[in-house]
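Analysis of the macromolecular model
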Amino acid sequence: THTETTYLPVGEVYFDTLLAELEKAEKFIFMEYYIIAPGTMWNAIHEVLRRKAESGVDVRVMYDDFGCMYKLPEGYEDTLEAEGIRCCVFNRFIPILSPRFNNRDHRKICVIDGNVGFTGGINFSDAYINVVQRCGHWLDAGVMLRGEGVYALTAMFLSMWDYTRGVTEDMHLINRAKDYVYINTPYLIIDNEMITALTAAAKSGVDVRIVTPAISDSALVHEMTRSYYETLILAGVKIYEYTPGMVHAKTFIADDRSAVVGTINLDYRSLYLHFECGVWMCDTPAIADMKAEYLSELERSAPITEELCLQQRRGRRLIRAVLRTLAPLF
């Protein structure tokens, strides 16, 4: 309620919109991102942050140490601090075996003055705006909020809220759907509970469609994603692969009425280990924009059929079965 939502269908639109809003900042800018990498995108954002900090705006940047490994120079937080940008590095990576290193900060949050907020799948790296191409065209998505919904993003930044609430909303959206559920996900590595929710919806007559990448940023994870196709397709779920390249968007749409845009992959790490976030929307104009964009994606995507799954060689099917047993590690 009392929140205006704007769907940002690709990284380039997200970047341009974010830069314009950063220039308007007067009180504070809070940023929390999994990946920050020098390049066209981050350099432009960094320049605005530096100028705003000099003018007295409270600028804070939080990034995940593992996500930025080999991307930022050592001691980069000191560089930002010297420019007046307050910096916090999440869960520093130390090469000692410890389960706590599985808990990464995978969120992507920007809040400006408590009035405008951004989240979605987009990190600060040039691949996300297709300045460089790693896996063909990089398809991502974000959402901009104005109004009361921004308060929650601000609170998450300040308190690192537990992610359990986000998982619950995704499951409820699938279980409550009556007409359709459309999903974008880069990785489809799901547990029995999610398989049951998706297949039960499809068997009940709900039009369940999932778009995954045709070109992935991880060959191993891509094989694991494909290992779930046959089970879902046999239950009536429709699966497509985005042929131009990599789908990194994490979006869910149901029944023209509700939707989620966020950082949440359909894999074990996102759903159980990482700190994540998502914006759940109901009866907002942005949902129509999301649906239109999704339908246009389908026109550029190849349907995966039961016959195609069954045609896979026995060796590949065996490899995928073995990978399924390792799902919690990915």
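Residue numbers run consecutively from 1 along every chain, following the written order of its sequence. It should be noted that, the model being predicted, local features are given only for residues of pLDDT at least 70 and side-chain atom pairs only at 80 or more, the latter also being counted only at that level, while totals for whole chains, interfaces and linings use all residues. Values reported for side chains reflect all heavy atoms of the structure, with hydrogen atoms and water molecules removed beforehand.

**Observations regarding the environment of Thr263**
Residue position: Thr263 is located in the loop between strand S14 (258-262) and helix H9 (268-273). Relative accessible area decides the class of each residue, using a 1.4 Å probe on protein chains only: under 20% of the type maximum gives buried, over 50% gives exposed, and in between gives partly exposed. Using a relative accessible area of 0% as the deciding quantity, one classes Thr263 as buried. For the pair Thr263 and Cys88, spaced 175 residues apart in sequence, the C-alpha separation works out to 20 Å. Residue contacts follow a heavy-atom distance rule, with two residues in contact if any of their heavy atoms lie within 4.5 Å. Ignoring sequence-local partners within four residues, the contact set of Thr263 consists of His106, Arg107, Lys108, Thr119, Gly120, Lys250, Ser270, Glu276 and Cys277. The numbering of helices and of strands both runs from the N terminus, where a helix is a DSSP run of H or I of at least 4 residues and a strand a run of E of at least 2.

**What about helix H4 (residues 149-159)?**
Along H4, the residues classified as buried are Val150, Leu153, Thr154, Met156 and Phe157. The arc that holds every buried residue of H4, seen down its axis, measures 160°, which confines them to one face. Along H4, the residues that are exposed and aim more than 90 degrees away from the buried face are Tyr151 and Leu158. Buried residues belonging to H4 abut strand S2 (28-33), strand S3 (58-64), strand S5 (109-112), strand S6 (116-120) and strand S8 (142-147). Each direction from the helix axis to a C-beta atom contributes to the arc, which is the arc of those directions.

**Considering the side chain of Asp65**
Within the secondary structure, Asp65 is located in the loop between S3 and helix H3 (76-82). Excluding residues within four positions of it along the chain, Asp65 makes contact with Val89, Phe90, Asn91, Arg92, Phe93 and Arg104.

**Considerations on the nonpolar core**
The criterion is simple. A nonpolar core is a set of buried Ala, Val, Leu, Ile, Met, Phe, Trp, Tyr and Cys residues joined through side-chain atoms within 4.5 Å. Ranked by size, the top nonpolar core spans 80 residues in total, and within it Leu22, Met31, Ile45 and Leu49 carry the most contacts. Ignoring any residue separated from it by four or fewer positions in sequence, one finds Ile45 in contact with Phe15, Leu18, Leu19, Leu22, Met31 and Phe124. Counting residues in hydrophobic clusters, the runner-up holds 33 residues, among them Val143, Phe157, Tyr242 and Val261.

**A closer look at the packing of aromatic side chains**
Between 30 and 60 degrees the pair is tilted, below 30 it is stacked and above 60 it is edge-to-face, where a pair is any two Phe, Tyr or Trp rings, Trp via its six-membered ring, whose centres lie within 6.5 Å. Under the criterion given, the structure shown has 10 aromatic pairs. Here the aromatic rings of Tyr33 and Phe124 are separated by 3.9 Å at their centres, their planes lie at 25°, and the arrangement is stacked. You can see Tyr33 sitting in strand S2 and its partner Phe124 sitting in the loop between S6 and strand S7 (137-139), a full 91 residues away along the chain. What makes Tyr33 buried here is its relative accessible area of 0%. Since its relative accessible area comes to 0%, Phe124 is described here as buried. Taken together, the aromatic side chains of Phe28, Phe30 and Phe157 make up a single cluster linked through ring pairs.

**What to know about the confidence of the model for the chain**
Averaged over all residues, the pLDDT of the chain is 91; the fraction at 70 or higher stands at 94%. Confidence of the predictor at the level of single residues is captured by pLDDT, which takes values from 0 to 100. Confidence drops under a pLDDT of 50 for residues 161-166, and excluding neighbours within four residues, the segment shows 13 contacts in the predicted structure.

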